Amino acid sequence: MNSSEENVECLIIGSGPAGFTAAIYAARADMKPVMYEGMQPGGQLTITTDVENYPGYPDGIMGPEMMDNFKKQAVRLGADIRFGMITEVDFSSRPFKCIADGMKTIHAKAVIIATGASAKWLGIPSEKRLNGSGVSACAVCDGFFYRGQDVAIVGAGDTACEEASYLAKLCNKVHMIVRRDTFRASKAMQHRVENTPNIEIHFNSETDEILGDNLVEGVRIKNVVDGSTKEIKLTGFFVAIGHTPNTAIFKNWLDMDEQGYLITKPDSTYTNIEGVFACGDAQDKIYRQAVTAAGSGCMAALDAERWLAANHHA
Ligand code: NDP
């Protein structure tokens, strides 16, 4: 075997809370896990600020620092963490073949997928410039910082409605910016939003620009029917237009739903291919929290350990 090939007992793909928790458990179980961190080492939490809802941090912690702690803990326990991407997989036979950075072939007895999901963004420059300074894609993570203030949320799906309702409990007023004249969300969610007095729905509206130099100070919305614009003063701007699971490379191998979320067997992290396990946001479109991702990362490592032992691969 030359240096562009390597045998690995347990390969972990992705480095958010799910991946690192899987690495911690796998390392302690002597599975000698090798992790490829992926395009965004540390995952989505590295683009948030304070994390106040992860148990164990009484004063909260910054997202990037928390992920750094996850990594240090995994490294201390012996996980081999590598900067790089798994760019291709072949799950047709065992050991599984995974190509790292288009060059190196890893032969893995077990694979844990923890590639996460990425929030969709509007793609306007002010959204990027003010990201983390009033612009957020997670109301549950960041809504608390806007208590008593006015905020906006873009989107008309179940997530946007759920997050608008959540924000309405904390904030003075929630402006919901909906691009069509109707919701995509289920009727129940829609009615909840419509019946919440401090949510104002702006139909047929697009975000023209988020206003503010260093912090969000407002938003300019444009009515797509008559072209008129309107400025609204607010301090928080939430985007809830969906997520994309980072599962494209598994398309020909693993069962996924129509949006690309990996399907796992009930009460487990088993995918349709024995020896390949999935955890975190790549297979969870409902909860999407750091703590739930970490929990499922633990499950994946335990499932992999038991599967390896039962299949005499360990
Ligand atoms: P969805 O894809 O269902 O909805 C996305 C929303 O964002 C749509 O209303 C869409 O508008 C809007 N949108 C997309 N791009 C833009 C843009 N560029 N500008 C403005 N608006 C935009 O995503 P969700 O995250 O809401 O839901 C994902 C899945 O998870 C769904 O199946 C949902 O039912 C499910 N879910 C279920 C929950 C529950 O049951 N409690 C809670 C949360 C999610 P348009 O309608 O015009 O296309």
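Residues numbered from 1 in each chain as written. Predicted model: local features only at pLDDT ≥ 70, side-chain atom pairs only at ≥ 80, totals over all residues. Heavy atoms only, no water.

### Quick look at the packing of aromatic side chains
Then, number 1: For the coordinates displayed, the defined rule picks out 10 aromatic pairs.
Then, number 2: Plain terms: the ring middles of phenylalanine 91 and phenylalanine 96 are 5.3 Å apart, the flat faces sit at 75° to each other, and that makes the pair edge-to-face.
Then, number 3: With a relative accessible area of 3%, phenylalanine 91 lands in the buried category.
Then, number 4: Residue phenylalanine 96 is classed as buried on the basis of its relative accessible area, which comes to 1%.
Then, number 5: Grouped by ring-pair contacts, the aromatic residues Phe91, Phe96, Phe250 and Trp253 constitute a single cluster.
Then, number 6: Over the aromatic face of phenylalanine 144 sits the side chain of arginine 147, whose NZ or CZ is 3.9 Å from the ring centroid. (Phe/Tyr/Trp six-rings, centres within 6.5 Å; stacked < 30°, edge-to-face > 60°. Buried < 20%, exposed > 50% of the residue type's maximum accessible area, 1.4 Å probe, protein only. Lys NZ or Arg CZ within 6 Å of the ring centre and 35° of its normal.)

### Remarks on the state of the cysteines
Then, number 1: A complete count under the given rule lists one disulfide for this structure.
Then, number 2: Shown here is the disulfide that connects cysteine 138 with cysteine 141, its sulfur atoms set 2.1 Å apart. The sign of the S-S torsion, about 75°, decides the handedness of the disulfide formed by cysteine 138 and cysteine 141: right-handed.
Then, number 3: Among the cysteines around cysteine 98, which has no disulfide bond, cysteine 10 carries the closest sulfur, lying 11 Å off. (Disulfide = S-S within 2.5 Å.)

### Considering the site of the ligand
Then, number 1: Taken together, 14 residues lie around the ligand, and Asp158, Thr159, Arg179, Arg180 and Arg184 are the ones closest in.
Then, number 2: Glutamate 162 places a polar side-chain atom, nitrogen or oxygen, 3.0 Å from a nitrogen atom of the ligand.
Then, number 3: Protein chains shield 73% of the accessible area of the ligand, which is 920 Å² for the free molecule.
Then, number 4: The leading source of residues in the shell around the ligand is helix H5 (residues 158–170), at three residues.
Then, number 5: The residue makeup of the shell around the ligand, split by class, is four nonpolar, five polar and five charged. (Near = heavy atom within 4 Å. Polar contact = N/O pair within 3.5 Å; in protein donor to acceptor, adjacent residues only side chain to side chain. Areas by Shrake-Rupley, 256 points an atom, 1.4 Å probe, with all protein chains shown as cover. Helix = DSSP H or I, 4+ residues; strand = E, 2+ residues; numbered from the N terminus. Nonpolar A, V, L, I, M, F, W, Y, C, P; charged D, E, K, R; others polar.)

### Quick notes on the domain arrangement of the protein
Then, number 1: When cut into domains, the protein gives domain 1 (5–118 + 244–310) and domain 2 (121–239).
Then, number 2: In this structure, domain 1 and domain 2 have C-alpha centres spaced 32 Å apart.
Then, number 3: Contacts between the two partners involve seven residues from domain 1, matched on the other side by eight residues from domain 2.
Then, number 4: Of the roughly 640 Å² buried at the junction of domain 1 and domain 2 (both faces included), carbon and sulfur atoms supply 47%.
Then, number 5: Linking domain 1 with domain 2 are zero salt bridges, by the criterion used here.
Then, number 6: Summed over the shared surface of domain 1 and domain 2, the number is zero residue pairs in polar contact (both at pLDDT 80 or more). (Domains from an automatic or database assignment. Contact = heavy atoms within 4.5 Å. Buried area = accessible area lost by both parts, 1.4 Å probe. Salt bridge = Lys/Arg side-chain N within 4 Å of Asp/Glu carboxyl O.)

### Focus: the side chain of glutamine 289
Then, number 1: With respect to the element layout, glutamine 289 can be found in the loop between strand E19 (276–278) and helix H7 (290–310).
Then, number 2: Side-chain polar atoms of glutamine 289 contact the backbone oxygen of tyrosine 287, separated by 3.0 Å.

### Regarding the environment of alanine 156
Then, number 1: Along the chain, the position of alanine 156 falls in the loop between strand E11 (150–154) and H5.
Then, number 2: Classification of alanine 156 by relative accessible area gives buried; the value is 15%.
Then, number 3: Apart from residues lying up to four places away in sequence, alanine 156 is in contact with Val178, Thr182, Phe183, Arg184 and Ala185.

### Some words on the packing of helix H1 (residues 17–28) against helix H2 (residues 63–76)
Then, number 1: Two elements in contact, H1 and H2, have axes whose closest approach is 9 Å; the angle formed by their N-to-C orientations is 20°. In terms of orientation, H1 lies roughly parallel with respect to H2. Classified by chirality, the crossing of H2 by H1 is left-handed. On H2, the residues touching Pro17, Phe20, Thr21, Ala23 and Ile24 of H1 are Met67, Phe70, Lys71, Gln73 and Ala74. (Axes fitted to C-alpha atoms, helices over the stretch in contact; angles between N-to-C directions. Parallel < 35°, antiparallel > 145°, perpendicular 65-115°, else oblique. Left-handed = near helix turned anticlockwise from the far one by under 90°.)

### Some details on the environment of glycine 242
Then, number 1: Relative to the assigned elements, glycine 242 resides in the loop between strand E17 (236–239) and strand E18 (243–245).
Then, number 2: Given the relative accessible area of 26%, glycine 242 is considered partly exposed.
Then, number 3: Ignoring sequence-local partners within four residues, the contact set of glycine 242 consists of Ala119 and Lys120.

### Concerning a positive patch on the surface
Then, number 1: Among the surface-exposed residues, Lys120, Arg179, Arg180 and Arg184 lie close enough to one another that they form a single positively charged patch.
Then, number 2: Here arginine 180 shows up in the loop between strand E12 (173–177) and helix H6 (187–194).
Then, number 3: Residue arginine 180 is classed as partly exposed on the basis of its relative accessible area, which comes to 39%. (Patch = residues over 30% accessible without salt bridge, like charges linked within 9 Å, V, L, I, M, F, W, Y side chains within 5 Å. Lys, Arg positive; Asp, Glu negative; His and termini not counted. Charge placed at Lys NZ, Arg CZ, Asp CG, Glu CD.)

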